Amino acid sequence: MKFRFFLSEAMNSLVRNWVMSVAAMVTILVSMFVLGLGLIIFFNFQDVISDLRNKLEIEVYIKSTASQEEIDALGDEIRAMPEVKRVYFVSKEEALERLRKSLKGNEDVLDALSGNPLPPSYEITLKDPAQIEEVASRFFDNPLVDNTPGSDPPDGVKYGGETSKRVLRVTTIFLIGGAGFVVLLVLASVLLVSNTIRLSIFARRREVEIMRLVGATNWFIRWPFVIEGVVTGIAGAAGATILVLLTNKFLVDKVIKNMTFLFSAGAVPVFKLTLFLILSGTLLGALGSALALRRFLKI
Amino acid sequence: MITFDHVSKIYEPDIVGLEDVSVHIERGEFAFLVGHSGSGKSTFIRLLLKEFEPTEGTITVAGRNLQRMRRSTIPYHRRNIGCVFQDFKLLPNKNVAENVAYALRVTGQPGRVIRRKVPEILQLVGLGDKMYKMPDELSAGEQQRVSVARAFVNHPSLLVADEPTGNLDPDTSVGIMQLLYRINRAGTTVLMATHDREMVDKMRKRVIALKDGRVVRDEDKGLYR
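**As for the packing of aromatic side chains**
1) Next: Going through the model one piece at a time under the given rule, you end up with 11 aromatic pairs over all chains.
2) Next: Clustering of aromatic rings is evident, with ring pairs tying together F5, F6 and F220 of chain A together with Y102 of chain B.
3) Next: When the ring centre of W219 of chain A is taken as reference, the NZ or CZ atom of R222 of chain A above it lies at 4.4 Å.
4) Next: Its guanidinium or amino end placed over the ring of F85 of chain B, K89 of chain B lies 5.1 Å from that ring's centre, counting from NZ or CZ.

What follows is the structure in structure tokens.
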């Protein structure tokens, strides 16, 4: 009963103050659109970065003298490590096959070899690439590892060393920078939207004053404004979401198709993004109204 | 009904609104509050509505001490006081009926009560045929009638009017005064701030005269002078 009254109050003032309503709606639309674009860019970079990071792996070369049992035992030991995501065993034959492929056209070089000089190896991918050095170091002194005597660090274990550290450092900076950028965008939209709503409520402060004098409680005055904010927020955010998704589809997809080596399609979690934009638009509208109203409710 | 006990109100930094005012108004009384602009009439009324606190002294309205009233209960206090202002204070986006209905809505009255009471009270103030007009389509006198209707629709025990005839021509003013008089006859205490000399002299009711924030005269059946 009361809710119906509040709803009709909200709808009436939306229509009667339509210029202000449209202004607030457009403001929310624009800021949610910019935020959405920012998020798309962020998601794509995050995707590229996690791709790069996943390419970091440890290769453990095994002595040719090792028996099959010893090799299997090492494999089980690696699989048992909690940090390990995936282990792949590369046999001597597969190693040779890979070499042959990478030589493409110059395979005859291999004919000069007598037999297969390549060692078998394990390729290890970690759940968290940041732990790569620590995990790699566990194999340094393993007697099964095919180290050249006296090499330091042992050359039987390859994990990128300095390069992997640099990749980790640079990508971390990018991720933090990207997150900071998104936070800035959120702050900017909160300020922009709350300012617009404050203007629209300021224009109606006399109305609020009269309501107070007639004996309306603060919540009785506030509810219609909050509902108004929610409606404005949903409308603005819905518009923004449509624009963001269209942009993602046509523009970004085109870029991705031309740069498949870098970006992969489907980096943007569309459903989550939609939900996030709509929810934050709604929240922004509701909170913006409630907060902007505060100083006029003190009479 | 209303008791001011040694009440002072100093506005920042040092402007005197009221100074050591003690007044008692009985239930059912009709009293004028007279004085020049800036004599403290509006301060008196705004203190009654608890728009702000007195600097000193205590105010009691309908047996309740305003200083001890919590902020959250102010709305309930105001529902017991009907208010009429010089500038009408109608909600510009609502029509006549909705403006009157708003005072009922805030008290949580159900729709069927509102649909019955609003036409009734508008009939009483002579606006039965203007229910669906917007405030800006009405004359000043009509707007003030709406304002009186809104103030009285809850049947408050106290009706406060701050210069209700200040913006009206003499003939229209008489109409408003008659309304207030009838409301008083029905048992409601009426306090009216005014500097309408003719009206005060004609009514011969209690007159409380303020000057520079002090009560300089308080007499029954008084004149404006």
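Additional details are given in the paragraphs that follow.
**Details of the interface of chain B and chain A**
1) Next: At the interface, 23 residues of chain B touch 21 residues of chain A.
2) Next: Between chain B and chain A, the buried area comes to about 2100 Å², and carbon and sulfur atoms account for 56% of it.
3) Next: On the chain B side of the interface with chain A, the three residues burying the most area are R78, N93 and Y102 of chain B, jointly 28% of the side's total.
4) Next: Here chain B and chain A share three salt bridges between them.

**Some thoughts on unusual backbone geometry**
Residues and elements named next belong to chain B.
1) Next: Put simply, E12 and P13 share a cis peptide bond, and its omega is -5 degrees.
2) Next: Positionally, P13 belongs in the loop between β1 (2-11) and β2 (15-25).
3) Next: Not every positive phi belongs to a glycine, and K89 is a case in point at roughly 50 degrees.
4) Next: With respect to the secondary-structure elements, K89 resides in the loop between β6 (81-85) and α3 (96-105).

**A short note on the domain arrangement of chain A**
How big an interface is tends to be expressed through the accessible area that disappears when the partners come together.
1) Next: The assigned domain composition of chain A is domain 1 (2-52 + 167-297) and domain 2 (57-159).
2) Next: Placing the centre of domain 1 of chain A and that of domain 2 of chain A at their C-alpha centroids yields a distance of 51 Å.

**Some remarks on the side chain of K9 of chain B**
Residue and element names in this part refer to chain B.
1) Next: Structurally, K9 can be placed in strand β1.
2) Next: Although buried, K9 forms no salt bridge, and the nearest oppositely charged side chain, E12, lies 7.5 Å from it.
3) Next: Side-chain polar atoms of K9 contact the backbone oxygen of E53, separated by 3.0 Å.
4) Next: K9 has contacts with I15, V16, G17, L18, T43, L47, F52, E53, P54 and T55, leaving out every residue within four places of it along the chain.

Here is what the cut-offs are and how they apply
Residues numbered from 1 in each chain as written. Chains lettered and ligands numbered in written order. Predicted model: local features only at pLDDT ≥ 70, side-chain atom pairs only at ≥ 80, totals over all residues. Heavy atoms only, no water. Phe/Tyr/Trp six-rings, centres within 6.5 Å; stacked < 30°, edge-to-face > 60°. Lys NZ or Arg CZ within 6 Å of the ring centre and 35° of its normal. Contact = heavy atoms within 4.5 Å. Buried area = accessible area lost by both parts, 1.4 Å probe. Salt bridge = Lys/Arg side-chain N within 4 Å of Asp/Glu carboxyl O. Helix = DSSP H or I, 4+ residues; strand = E, 2+ residues; numbered from the N terminus. Domains from an automatic or database assignment. Buried < 20%, exposed > 50% of the residue type's maximum accessible area, 1.4 Å probe, protein only. Lys, Arg positive; Asp, Glu negative; His and termini not counted. Polar contact = N/O pair within 3.5 Å; in protein donor to acceptor, adjacent residues only side chain to side chain.

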